[in-house]
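Structural characterization, general
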Amino acid sequence: MLSNISKPKFPPTVSPLGDFQMDELERKMEPNFEQTLQEGKLYRQINALIVAHLRDYNLTQAARAVASATMTSFEVEVPPYRLLDLVAKGLAVEKDEKLRGGVPSAAFLDSGAVMNVAYGSTPVPRTVAIDFGAVHDTKGSSKAFPKHETRHVSEHKNIARCARFSLDGRFVATGSLDMSIKLFEISKIKQMMLPDANTRDGPVRPVIRTFYDHIQQLQPINDLDFHPQSPVLISGAKDHTIKFFDFSKTVAKRAFRVIQDTHNVRSVSFHPSGDFLLAGTDHPVAHLYDVNTFQCYLSANVQDLGISASINQVRYSSNGGMYVTASKDGAIRLWDGVTANCVRSIVGAHGTVEAISASFTKDQRFVLSCGKDSSVKLWEIGTGKLVKQYLGAAHTQLRCQAVFNDTQEFVLSIDDQSNEIVVWDALTAEIVARLPSNHIGAPRWLDHSPTEAAFVSCGGDRSVRFWKEIL
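So, here is what we can say about the structure in this document.

Within the protein one finds six helices and 28 strands. Taken across its 471 residues, the protein has 51% of its residues classed as buried. Within the structure as shown, the protein displays about 22200 Å² of accessible surface, and the carbon and sulfur contribution to it stands at 53%.

If you want it as structure tokens, here you go:
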């Protein structure tokens, strides 16, 4: 049964110090001039962060009150959502310190063989500073999309329905109507694509794990996600389950833990801490799970929200401060990542047809959505304003998604009528490439690597194709 709790304890608060502890702390911190100067600077920085945070969330009255009380400029220049970033990083460091000594970051992991290379150590991605909120004279300024090569890397026994890269870009997983999940190692795919790959020590096999554990109910895999720190892959399926697979074990083919939901699980997303996950289901409100206790939380009474449509996709922002849902009623909804309350509804974002995907930009100021009205749209979170619209790719029948490339210079989606992968310049919204998909029939899904110029497509022809920039 689902617990109907309005404000889950997420994340936990810090207990206050007692009087004895405060006395001890004060004795250890005898003030001196240099320390006083440093503390004053720190206080000013904290005040600036608080003012900017309230201002960025359009809490203008509160921001002005804090600015006045602390003698801080209301127009203080702080990178967007900097306070949330710092808090998220601080909590991550605190968690790592508690787990120092080789203990897995996820308490739910059982013991077993571990991978040779530490999972979750994210390489420095290629970065390009793009401000979608700035006014640009974009006429004739579209960038050329680099040429890509593609290779068939594997296939399922039935339709390949979804794909997901790990945050470190080292793995990609695909899920199918045949109830199987394939896990690929990117380095082996690249080795496979070399001209002399199969003349050395036999053929290169990029599939390093195949999982079968939804087969009892004969229901397809809908979505996948990787734990941010531990070698764990989760799947959401039509059999109402979320299953946890430990891919550090070479012989494991079945899940080591299972969440039994009450609805068809359409989408899954890990919180950046790895301690929580969201499930988008046929229920109109995302289900928030504690991955250690499996306790489920709902944001509020469904009737109070006035929402009745199923969720097609749910995704966390990069620091977990927000999450977004794309629903069958065509709406995009933004939710507070701590209270799980809906903070903005963009009703009719895709008219009366389904909104099928939604995800955040890296700066967490915008959301990219895709709908069955054959449009891809960019929305400003603070105002709910439509900033850009990417047109020219037909997707009215199949479930697909629109994604940024790793530098957010380009947007990619699928044209299910022309059987092409369509690429837009993210700033000008002009089509800069139409790539023949090389699938028999239109692809069903694509996902881009978060760390390099590479993406994967999969489709109704059961095949999985890997694409990478030709250097």
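Continuing now.
Right, let's get into a nonpolar patch on the surface. Among the surface-exposed residues, L42, Y43, I46 and I50 lie close enough to one another that they form a single nonpolar patch of about 360 Å² accessible area. Mapped onto the elements of the fold, I46 is located in helix α2 (residues 33–56).

Turning our attention to the nonpolar core. If you look at soluble globular proteins, the nonpolar side chains tend to sit buried side by side. Grouped together as the largest cluster of nonpolar side chains are 32 residues, with contacts concentrated most on I189, L233 and F466. For this core, the element with the most residues is strand β2 (residues 160–165), which contributes four residues. Among all residues touching L233, those that are not within four sequence positions of it are A173, I181, F211, L224, D225, F226, K243, F244, F245 and F247. The next biggest cluster of nonpolar side chains, apart from the first, holds 29 residues, and it includes I356, F404, F455 and W467.

Moving on to the pattern of salt bridges. Two side chains of opposite charge can pair, provided their charged atoms sit close to one another. Going through the model one piece at a time under the given rule, you end up with 16 salt bridges. Note that K372 is salt-bridged to E354, the shortest N-O span being 3.6 Å. With K372 in the loop between β19 (366–371) and β20 (375–380) and E354 in the loop between β17 (342–346) and β18 (355–360), this pair connects stretches of sequence that are 18 residues apart. The closest approach of N and O atoms between R434 and E420, which form a salt bridge, is 2.9 Å. Here R434 is found in strand β25 (residues 431–436), whereas its partner E420 is found in strand β24 (residues 420–425), with 14 residues between them in sequence. The exposure class assigned to R434 is partly exposed, which follows from its relative accessible area of 35%.

Looking now at unusual backbone geometry. Excluding glycine, residues mostly carry a negative phi; peptide bonds, for their part, are mostly trans. Of note, the phi angle at M71 is positive, near 55 degrees, even though the residue is not glycine. Taking relative accessible area as the criterion, M71 reaches 79% and is therefore assigned exposed. A positive phi is found at Q408, a non-glycine position, where the angle reads about 65 degrees. With respect to the element layout, Q408 can be found in the loop between β22 (403–404) and β23 (410–415).

On to the sheet that holds strand β12 (residues 287–290). The four strands lie next to each other as β10-β11-β12-β13, forming an open sheet whose pairing is antiparallel. At either margin of the open sheet sits one strand with a lone partner, and together these are β10 (265–270) and β13 (296–297). Two strands pair when backbone bridges link them, and strand β11 (residues 276–281) and β12 are joined in this way by four bridges, in the antiparallel orientation. Paired with L278 across the strands is L288, a residue of β12.

Before going further, it helps to spend a moment on the packing of aromatic side chains. Aromatic ring pairs are reported here in terms of the distance separating the ring centres and the angle at which the planes meet. Applying the stated criterion across every chain, the model contains 12 aromatic pairs. Ring plane angle 80 degrees and centroid distance 5.0 Å describe the contact between F145 and F410, whose orientation is recorded as edge-to-face. Of the two residues, F145 sits in the loop between α4 (82–98) and β1 (148–155) while F410 sits in strand β23, which places them 265 residues apart along the sequence. Members of the aromatic cluster, each reached through a chain of ring pairs, are F132, F366 and F404. Looking at R64, its charged tip hangs above the ring of F74, at a distance of 3.9 Å from the centre. Here R257 stacks its cationic end above the ring of F294, 4.2 Å away from the centre of that ring.

So, about the side chain of H148. Secondary-structure assignment places H148 in strand β1. According to the relative accessible area criterion, H148 is buried, its value standing at 16%. Polar side-chain contacts of H148 include one of 2.8 Å to the backbone oxygen of P146.

A few words now on the sheet that holds β25. With antiparallel pairing, the four strands of this open sheet are ordered in space as β22-β23-β24-β25. Taken across any chain shown, the strands that pair with only one partner, and hence form the sheet edges, are β22 and β25. In the sheet, β23 pairs with β24 via six bridges, with the strands oriented antiparallel. Within the sheet, the bridge partner assigned to L412 lies in β24 and is V423.

This next bit is on the pairing of β11. β11 sits mainly inside the fold: six of its six residues count as buried. Residue alternation in β11 divides its side chains into two sets, F276, L278 and G280 and L277, A279 and T281, and both sets are buried. With five bridges joining them, β10 and β11 adopt antiparallel strand pairing. By the bridge assignment, V268 is partnered in β11 with A279.

Time to look at the side chain of E469. Considering the arrangement of structural elements, one finds E469 in strand β28 (residues 463–469). Setting aside residues up to four positions removed in sequence, E469 forms contacts with R126, P146, K147, H148 and A453.

Parameters at a glance
- Residues numbered from 1 in each chain as written.
- Predicted model: local features only at pLDDT ≥ 70, side-chain atom pairs only at ≥ 80, totals over all residues.
- Heavy atoms only, no water.
- Helix = DSSP H or I, 4+ residues; strand = E, 2+ residues; numbered from the N terminus.
- Buried < 20%, exposed > 50% of the residue type's maximum accessible area, 1.4 Å probe, protein only.
- Areas by Shrake-Rupley, 256 points an atom, 1.4 Å probe, with all protein chains shown as cover.
- Patch = residues over 30% accessible without salt bridge, like charges linked within 9 Å, V, L, I, M, F, W, Y side chains within 5 Å.
- Salt bridge = Lys/Arg side-chain N within 4 Å of Asp/Glu carboxyl O.
- Core = buried A, V, L, I, M, F, W, Y, C linked by side-chain atoms within 4.5 Å.
- Contact = heavy atoms within 4.5 Å.
- Pairing = 2+ DSSP bridges.
- Phe/Tyr/Trp six-rings, centres within 6.5 Å; stacked < 30°, edge-to-face > 60°.
- Lys NZ or Arg CZ within 6 Å of the ring centre and 35° of its normal.
- Polar contact = N/O pair within 3.5 Å; in protein donor to acceptor, adjacent residues only side chain to side chain.

Treat this as a map of the structure, not an account of what it does.
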